[in-house]
Amino acid sequence: MQVGDILRKKAARVATVRMNETVAIAAQLMRSGNISALVVKDVVRTEGNTAVGMFTERDVVRAIAQHGAAGVNMRVSQLISVQQLVSCTSTDTLEHVRHLMSKHHIRHVPVIDNFSLIGVISIRDIFNAFDDEATPFTLAASA
């Protein structure tokens, strides 16, 4: 199964936040979307709208734990690592993405095709897909 198979079942909208937004804004976006991660985007003059990282609930907790109440006023850019964005394409296998997540200790991976952000795949998406794949075998074995 490929990443694109999962994305076709998910909502088309990708939740994003700009690097210069505050932790409070990012937390509100996650709360209103009932999601646990946002793709961080930056506008680069030569490349246009660019995905540069992920911002998660863990980043919110880390900001508050390290900086107290002032953590909510910090910029997203102060908390993310923009060294190397771990991403995948819609044609990558779920096994490959699961390996990336395990290797980099992450739970969300942006999906980028032809330099365009088209979605996000989570470890939950992968577990659900593997469970759905196994269900027909489980039902057949129990019959």
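Residues numbered from 1 in each chain as written. Predicted model: local features only at pLDDT ≥ 70, side-chain atom pairs only at ≥ 80, totals over all residues. Heavy atoms only, no water.

Comments concerning the packing of helix H2 (residues 23-33) against helix H3 (residues 57-67)
This is how the line gets drawn: With axes taken as lines fitted to C-alpha atoms, and helix axes fitted only over the stretch in contact, angles between N-to-C directions fall between 0 and 180 degrees. The way it works is that DSSP assigns letters per residue, a run of H or I at least four long becomes a helix, a run of E at least two long becomes a strand, and they are numbered from the N terminus. In this scheme the handedness of a crossing depends on how the near helix is turned from the far one: anticlockwise by less than a right angle means left-handed, clockwise means right-handed. Throughout, a contact is declared for two residues whenever any of their heavy atoms are within 4.5 Å. In the scheme used here, Gly and all other residues not listed as nonpolar or charged are polar, with Ala, Val, Leu, Ile, Met, Phe, Trp, Tyr, Cys and Pro taken as nonpolar and Asp, Glu, Lys and Arg as charged.
At a closest axis distance of 10 Å, the pairing of H2 and H3 adopts a crossing angle of 145 degrees. For the pair H2 and H3, the crossing hand works out as left-handed. Across the interface between the two elements, Val23, Ala27 and Met30 from H2 touch Glu57, Val60 and Ala63 from H3. By residue class, the composition of the contact of H2 with H3 is five nonpolar, no polar and one charged.

Some details on unusual backbone geometry
To keep things clear, this is the line we draw: For every residue, the accessible area obtained with a 1.4 Å probe (protein chains only) is divided by the maximum for its type, and the residue is called buried under 20%, exposed over 50%, and partly exposed between those limits.
At Asn34, a residue that is not glycine, the phi angle is positive and equals roughly 50 degrees. The residue Asn34 is located in the loop between H2 and strand E2 (37-44) in this model. Of note, the phi angle at Phe115 is positive, near 70 degrees, even though the residue is not glycine. By secondary structure assignment, the location of Phe115 is in the loop between strand E4 (108-113) and strand E5 (116-122). A relative accessible area of 85% places Phe115 in the exposed class.

Structural notes on the side chain of His108
Applicable threshold: Two N or O atoms form a polar contact when they lie within 3.5 Å of each other; inside protein one atom must be a possible hydrogen donor and the other a possible acceptor, and for residues adjacent in sequence the pair counts only when both atoms belong to side chains.
Looking at the element boundaries, His108 is found in strand E4. When its relative accessible area of 17% is taken as the criterion, His108 is described as buried. Separated by 3.2 Å, the side chains of His108 and Ser36 make a polar contact. Setting aside residues no more than four positions away along its own chain, His108 makes contact with Ser36, Ala37, Met54, Thr56, Met101, Val120, Ile121 and Ser122.

Focus on H3
Quick reminder of the rule: It is the directions from the helix axis to the C-beta atoms that the arc portrays.
Here H3 has its buried residues at Asp59, Val60 and Ala63. The arc enclosing the buried residues of H3, seen along the axis, measures out at 105 degrees, which places them on a common side. Of the exposed residues in H3, those oriented more than 90 degrees away from the buried face are Arg58, Val61 and Ala65.

Re the nonpolar core
Here is a general trend for soluble globular proteins: nonpolar side chains tend to be buried in one another's company. Rules: Side-chain atoms within 4.5 Å link the members of a nonpolar core, which is a set of buried Ala, Val, Leu, Ile, Met, Phe, Trp, Tyr and Cys residues.
Val23, Val40, Phe55 and Val76 are the most contacted members of the largest nonpolar core, which has 16 residues in total. Mapped onto this core, the elements with two or more residues apiece are H2, E2, strand E3 (48-56) and H3. Here this core takes three residues from H2, the largest share from any one element. Discounting residues that sit within four places of it in the chain, Val40 has contacts with Val17, Arg18, Met19, Thr50, Ala51, Val52, Gly53, Met54, Phe55, Val76 and Ile80.

Observations concerning the side chain of Thr22
Residue position: Thr22 is located in the loop between strand E1 (16-18) and H2. Residue Thr22 is classed as buried on the basis of its relative accessible area, which comes to 16%. In this view, Thr22 contacts Val72, Asn73, Met74, Arg75 and Val76; residues no more than four positions away in its chain are not counted.

A word on the environment of Ala12
Within the secondary structure, Ala12 sits in the loop between helix H1 (3-7) and E1. The sequence separation of Ala12 and Gly119 amounts to 107 residues, and the corresponding C-alpha distance is 7.2 Å.

Examining the pattern of salt bridges
The line we're drawing: We define a salt bridge as a side-chain nitrogen of Lys or Arg found within 4 Å of a carboxyl oxygen belonging to Asp or Glu.
Tallied over the entire structure, the rule returns four salt bridges. Residue Glu95 pairs with Arg98 through a salt bridge whose shortest N-O separation is 2.5 Å. With Glu95 and Arg98 both in helix H4 (residues 94-104), this residue pair falls three residues apart, about one helical turn. The class for Glu95 is partly exposed, based on a relative accessible area of 41%.

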